[in-house]
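Examining the three-dimensional arrangement
Listed here are the chains, written in short residue letters.
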Amino acid sequence: MSQAISTLVDTLRVTHHLDGDAYAALLTCGDDEAESLRRQAREVAQQVFGHAIFVRGLVELTNVCRNDCLYCGIRRSNTAVSRYTLTREQVMASCGQGYRLGFRTFVLQGGELPRARAQWVADIVADIRSTWPDCAITLSLGEWPREAYALWRQAGADRYLLRHETHNALHYACLHPSEMSQANRLQCLDHLKALGYQVGTGIMVGSPGQTVAHLVEDIQYIEQLRPHMVGLGPFVPQHDTPLGHHPQGSADLTTRLYAIFRLMMPHALIPSTTALNTIHPQGRLLGIQAGANVVMPNLSPPDMRAHYALYDGKAATAAEAAEGIEQLETQLATIGYHIDWSRGDYRNDNESLVTQNKASKA
Ligand code: SAM
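Each value, and the rule that gives it
- Residues numbered from 1 in each chain as written.
- Predicted model: local features only at pLDDT ≥ 70, side-chain atom pairs only at ≥ 80, totals over all residues.
- Heavy atoms only, no water.
- Helix = DSSP H or I, 4+ residues; strand = E, 2+ residues; numbered from the N terminus.
- Axes fitted to C-alpha atoms, helices over the stretch in contact; angles between N-to-C directions.
- Parallel < 35°, antiparallel > 145°, perpendicular 65-115°, else oblique.
- Left-handed = near helix turned anticlockwise from the far one by under 90°.
- Contact = heavy atoms within 4.5 Å.
- Buried < 20%, exposed > 50% of the residue type's maximum accessible area, 1.4 Å probe, protein only.
- Arc of directions from axis to C-beta.
- Polar contact = N/O pair within 3.5 Å; in protein donor to acceptor, adjacent residues only side chain to side chain.

On to the environment of Gln282. Among the structural elements, Gln282 can be located in the loop between α11 (274-279) and α12 (283-289). Distance from Gln282 to Ala251, taken between C-alpha atoms, is 9.7 Å for residues 31 residues apart in sequence.

Written out as structure tokens, the structure is:
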């Protein structure tokens with residue numbers, strides 16, 4: 001392995017920061033060097049979290065969307081989609097099933113509903129909060145005015161996932177219609193942080209038009225935002241979208257990024273995503289072996305899952321589904337990991353980590 005790359009990996013592990021050229025080198029280095037990057041990230045994840053993986057139950061609230069992102073299967077222009085919005089009773093039944101299985105975090109994700117639905121969402125959040133006060137509630141419902149985020153926070157939401165998708169404005173314009181603005185998305189993230197949410201952001205890896213320089217911009221944006229969660233999955237084409245002919249992203253690059261973020265932010269919550277598991281049969285485990293520490297099995301009513309088709313071939317059964325939790329446990333055990341059933345909030349109280357790493361490099 002080249003001395004230069006190994007020094008960069010050591011430096012990132014100890015100082016949690018590199019310059020842009022160094023990040024680019026880690027994204028493009030040879031396979032052996034990338035393996036060593038992932039190994040160090042795995043070691044850091046194990047120092048912070050042991051061999052425990054947090055689980056979150058994902059409820060796909062709706063596939064109705066007012067946005068028209070060029071990559072997304074539920075974009076409003078896709079007339080091939082049969083639209084649904086779960087009823088409040090269906091959401092509560094999904095969470096109830098999740099609670100019985102042991103889940104203590106529910107993630108409500110969906111397309112972007114009409115603005116008038118903000119109170120409806122707040123009522124559901126309040127219902128979940130009062131029924132299961134010991135659970136964390138994560139929302140991932142896209143771009144809304146600050147008032148809506150504040151309303152949901154007040155109703156009991158703890159966390160919010162909103163990938164920035166790309167920090168480069170020109171690249172953003174390749175992926176979105178002109179009515180959507182990157183500035184608004186970044187503003188939403190600022191609002192969410194200011195309102196006290198635990199915030200997650202991230203990107204699709206290998207999205208059409210993405211370059212190494214764009215990825216470096218994304219890394220530097222995330223480094224500066226310091227989110228609590230980082231959500232990264234490969235781009236996967238969906239045949240009814242304008243970008244449906246573009247090749248999918250790679251597991252190699254996706255897991256390099258997991259490793260970089262783990263070394264940069266040892267305590268961050270990093271899911272090994274469904275998209276990664278969709279493009280690679282061992283994707284979930286590869287993600288964990290590169291430093292990811294969260295998985296999000298699907299809790300949505302099984303007959304609705306096929307309609308939340310963000311991309312082709314999206315995995316939603318077996319170990320990807322909440323009812324397949326035993327399969328997930330068995331799979332994790334094959335690499336020496338187990339499920340941690342706690343809420344899995346972001347914590348940064350392991351002050352000894354930096355010292356430990358410094359000592360081990362001395
Ligand atoms: N509407 C909300 C939002 O925009 O954050 C949440 C739902 S959106 C469908 C969730 C995420 O799915 C997006 O942030 C995007 O990164 C991902 N996604 C959409 N289409 C995808 C595709 N073709 N391949 C991989 N990920 C995709």
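Continuing now.
Time to look at the packing of helix α2 (residues 20-28) against helix α9 (residues 212-225). Axis angle and axis distance: for two packed helices, these are the angle between their axes and the distance between the axes, and together they describe the pair. Across the interface, α2 lies against α9 with an axial gap of 9 Å and an inter-helix angle of 120 degrees. In terms of their interaxial angle, α2 and α9 are classed as oblique. For the element pair α2 and α9, the recorded crossing hand is right-handed. Along its contact with α2, which presents Gly20, Tyr23, Ala24, Leu27 and Thr28, the element α9 presents Val212, Leu215, Val216, Ile219, Gln220 and Glu223.

So, about helix α6 (residues 146-155). The complete set of buried residues in α6 reads Ala148, Tyr149, Trp152 and Ala155. All buried residues of α6 lie within an arc of 125 degrees about the axis, which places them on one face of the element. Of the exposed residues in α6, those oriented more than 90 degrees away from the buried face are Glu147 and Gln154. In this structure, the buried side of α6 is in contact with α5 (118-131), β4 (136-140), β5 (159-161) and α8 (182-194). Where α6 ends, the next residue or the one after it, Gly156, has phi of about 125 degrees, a positive value.

With that out of the way, let us pick up the side chain of His176. Following the sequence through the fold, His176 ends up in the loop between α7 (169-175) and α8. With a relative accessible area of 4%, His176 lands in the buried category. In terms of polar contacts, His176 uses its side chain to reach the side chain of Tyr71, at 2.9 Å. When neighbours within four sequence positions are excluded, His176 is seen to be in contact with Cys69, Leu70, Tyr71 and Glu165.

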